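Letter by letter, the chains look like this.
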Amino acid sequence: MGAHARHGLAQIAADIEPVADDFTKGLFARLFALDPSLRDLFPANMTGHRATFLRVLDHVFTSIPQPDGHDDLIEFLAQLGRDHRKYGLTEAHYDTMAAALIAEVHAVYEPHGGLDDEDAAVLEQGVQLLTGVMRGGAHSDPTPARRRARVVEVLRPHPGLSVVRLVADEPLLFRPGQYVETQIPQMPRVWRPLSLAMPPNTQGQLEFHIRAVPGGYLSSTVFGETRPGDVWQFGQVHGLLRPDGDRPVTMIAGGTGLAPMKSILLAMSMNANNPDVHLLVGARSPGLLYDSESLAPLAATNPWLKVTQVTDARSDPWWLKRPATAYRALPLRHGSLVDAMSRLDLTGHRVLIAGPRGLLRAASEAAVARGAAPEDVVTDPL
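Observations regarding the pairing of strand E1 (residues 147-155)
Next up, step 1: Sheet analysis places E1 next to strand E6 (residues 231-238), joined by four bridges and oriented antiparallel. Each residue of the ladder has a partner; that of Ala149, found in E6, is Trp232.
Next up, step 2: For E1 and strand E2 (residues 161-168), the ladder comprises six bridges, and the chain directions are antiparallel. Its bridge partner being in E2, Ala149 is matched across the sheet by Ala168.

Some remarks on the pattern of salt bridges
Next up, step 1: One pass over the structure, following the stated rule, counts 13 salt bridges.
Next up, step 2: Between Arg165 and Glu153 there is a salt bridge, with its nearest N and O atoms 3.1 Å apart. Residue Arg165 is found in strand E2, and its partner Glu153 is found in strand E1; the two are separated by twelve residues along the sequence.
Next up, step 3: Where Arg165 meets Glu207, a salt bridge forms, and the shortest distance between an N and an O atom there is 2.8 Å. One end of the pair, Arg165, is in strand E2; the other, Glu207, is in strand E5 (residues 205-211), and 42 residues separate them in sequence.
Next up, step 4: On the accessibility criterion, Glu207 (6% relative accessible area) is buried.
Next up, step 5: Linked through salt bridges whose partners overlap, the residues forming this network are Glu153, Arg165, Glu207, Lys262 and Asp291.

A short note on the nonpolar core
Next up, step 1: Judged by nonpolar contacts, the single largest core of 37 residues is most densely connected at Phe61, Leu101 and Val105.
Next up, step 2: A per-element tally of this core places helix H5 (residues 91-109) first, with nine residues.
Next up, step 3: The contact partners of Val105, leaving out residues within four places of it in the chain, are Ile12, Ile16, Phe23, Leu115 and Leu123.
Next up, step 4: Ala253, Leu295, Ala296 and Ala354 belong to the second largest nonpolar core, which has 25 residues in total.

A word on the sheet that holds strand E12 (residues 377-379)
Whenever strands of a sheet pair, they do so through backbone hydrogen bonds, lying parallel or antiparallel.
Next up, step 1: On the basis of which strands lie adjacent, the open sheet formed by six strands has the order E10-E9-E8-E7-E11-E12 and parallel pairing. Each edge of the open sheet is held by one strand with a lone partner, namely strand E10 (332-334) and E12. Averaged over all pairs of adjacent strands, the angle between their axes in this sheet comes to 20°, without regard to strand direction.
Next up, step 2: Relative to E10, strand E9 (residues 305-311) runs parallel, the two sharing three bridges. Its bridge partner lying in E10, Gln309 is registered against Leu332.

What counts as what
Residues numbered from 1 in each chain as written. Predicted model: local features only at pLDDT ≥ 70, side-chain atom pairs only at ≥ 80, totals over all residues. Heavy atoms only, no water. Pairing = 2+ DSSP bridges. Helix = DSSP H or I, 4+ residues; strand = E, 2+ residues; numbered from the N terminus. Salt bridge = Lys/Arg side-chain N within 4 Å of Asp/Glu carboxyl O. Buried < 20%, exposed > 50% of the residue type's maximum accessible area, 1.4 Å probe, protein only. Core = buried A, V, L, I, M, F, W, Y, C linked by side-chain atoms within 4.5 Å. Contact = heavy atoms within 4.5 Å. Axes fitted to C-alpha atoms, helices over the stretch in contact; angles between N-to-C directions.

Written out as structure tokens, the structure reads:
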């Protein structure tokens, strides 16, 4: 990091990486010092926000110097601006962030002689692009920044799993298979993506499947504290999971990764013509196949749909008291979902995968190995 070296945005991103933690802590401390009112818009624990911001900054600073891909970058930033409306950001807040970000980058270089005028100009142009496109994206969206829904029912099929049903004040606009940024009243200012488990309808009915995981504060709170009458808030919807024309579809759903697949299947069941769909749904043991009661009649009444259940274990652990009978109406195999995929020919298939992160990676590789084109294997980052 010499005093007279040419830096450029990509090099600035590389120079920030070794001091990333101190950089993001300093940036947000500077931001909140410039405008203390901003602190109330974010959660008490900023660790996740700092990490996300750094990933975005690295992506933007390394993408701008590239010769192509700028249209994708602009759309990425515009969507980010639309997302950030849920925090209540104003026009002035974007100017404050730009000032804080530029100042914090300069602070990184001060011990090394600082940035020269040309690099400083490049930095300012990059930051103005980042904040300017986000601001434009926020202004261009006519839909509400937030929507509300009231919890009407909470089911707990087995320990650690919640099925939450709500009715929205106004119907939520989304495509089957998508997820939505969600805030629960027990954790204000904390937003998490949750997959919608039913297609949109005019009554505003919503359903979510949420498994409590170790260290997952929101999921554990939902399981332990969510009650009818709670009001949830929603931001933007996202997601790429969807069929593609009349091509056959293979769905791989691990645990609550079933939620977006169920949304898609329920929507498809309302159509007269559908491509062939094979859903493989996995769980650790038969009693954890929590939605067989819905899947069995869906498969029985739709000849285009085949459902295969896959469990790691043949029997349930001693602590699982729920009677496991509904799953018997559907085919059941033992082993992992990836093992079950080894019997499939996925040439020409659209492959949709949802579930734990490890499954997304392993099932994606298995799908390509079984003949699916890489561009036809679709996952969402949940």
